[in-house]
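# Chain and residue survey
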Amino acid sequence: MTLKLTGALFATLLAVSACQPTPQNQAALGAVLGGATGLALSELVGANPQWRAVAVLGGAAAGAVVAQNQATQECAYADGRGGYYVAPC
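The sections below set out a description of the structure shown in this document. For every chain, the first residue of the written sequence is number 1, and numbering continues from 1 onward in sequence order. Given that the model is predicted, a residue must reach a pLDDT of at least 70 before its local features are reported, and side-chain atom pairs must reach 80 or more before they are shown or counted; all residues, however, enter totals for whole chains, interfaces and linings. Side-chain numbers come from the whole structure's heavy atoms, not from hydrogens or water.

## Considerations on the overall build of the protein chain
A helix here means a DSSP run of H or I that spans at least four residues, while a strand means a run of E at least two residues long, and both kinds are numbered starting from the N terminus. Counting secondary structure elements, the protein chain contains three helices and two strands. Each helix and strand of the protein chain, ordered N terminal to C terminal, gives the series α-α-α-β-β. Taken across its 89 residues, the protein chain has 17% of its residues classed as buried. Relative to all contacts within the protein chain whose residues are 6 or more apart in sequence, the contacts with residues 24 or more apart total 43%. For the accessible areas, the method is Shrake-Rupley and the probe is 1.4 Å, while residue cover comes only from the protein chains on display. Per element, the accessible surface of the protein chain, about 6300 Å² overall, is 68% carbon and sulfur. The buried label goes to any residue with under 20% of its type's maximum accessible area, the exposed label to any with over 50%, and the partly exposed label to all in between, with areas taken from a 1.4 Å probe on protein chains only. It only takes one pair of heavy atoms within 4.5 Å for two residues to be counted as in contact.

Right under this line is the structure:
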């Protein structure tokens, strides 16, 4: 099962890497890839169904945020006081 899932994930990433996403759909693509990565990692560690759902949702959220930051060419940096600031990457 893990080998099939890993193969499917690799094939999907290979197919998507050939695309040049527009800024409008870049966040959606990041969410899909992040969710798939969260699912693959939870499958690899043998997590129960509740933690798989958490991993998929967390991966999707992180993927969307990373994609948005790449679209604006801005990154979030820690300020050392528990907050963050945004500056060019």
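## Topic: a nonpolar patch on the surface
A surface patch of nonpolar side chains, about 320 Å² in accessible area, is lined by L41, L44 and V45. In this structure, V45 sits in helix α2 (residues 23-45). Patch rule: a residue counts if its relative accessible area is over 30% and it has no salt bridge; like charges are joined within 9 Å, and nonpolar side chains (Val, Leu, Ile, Met, Phe, Trp, Tyr) within 5 Å. Salt bridges, as used here, are contacts in which a Lys or Arg side-chain nitrogen is within 4 Å of a carboxyl oxygen on Asp or Glu.

## With respect to the side chain of S42
Positionally, S42 belongs in helix α2. Excluding its chain neighbours within four sequence positions, the residues that come into contact with S42 are A47, R52 and A55.

## Points about the environment of V32
Looking at the secondary structure, you find V32 in helix α2. The class of V32 is exposed, set by a relative accessible area of 57%. In this structure, the C-alpha to C-alpha distance between V32 and G63, residues 31 residues apart in sequence, is 7.4 Å.

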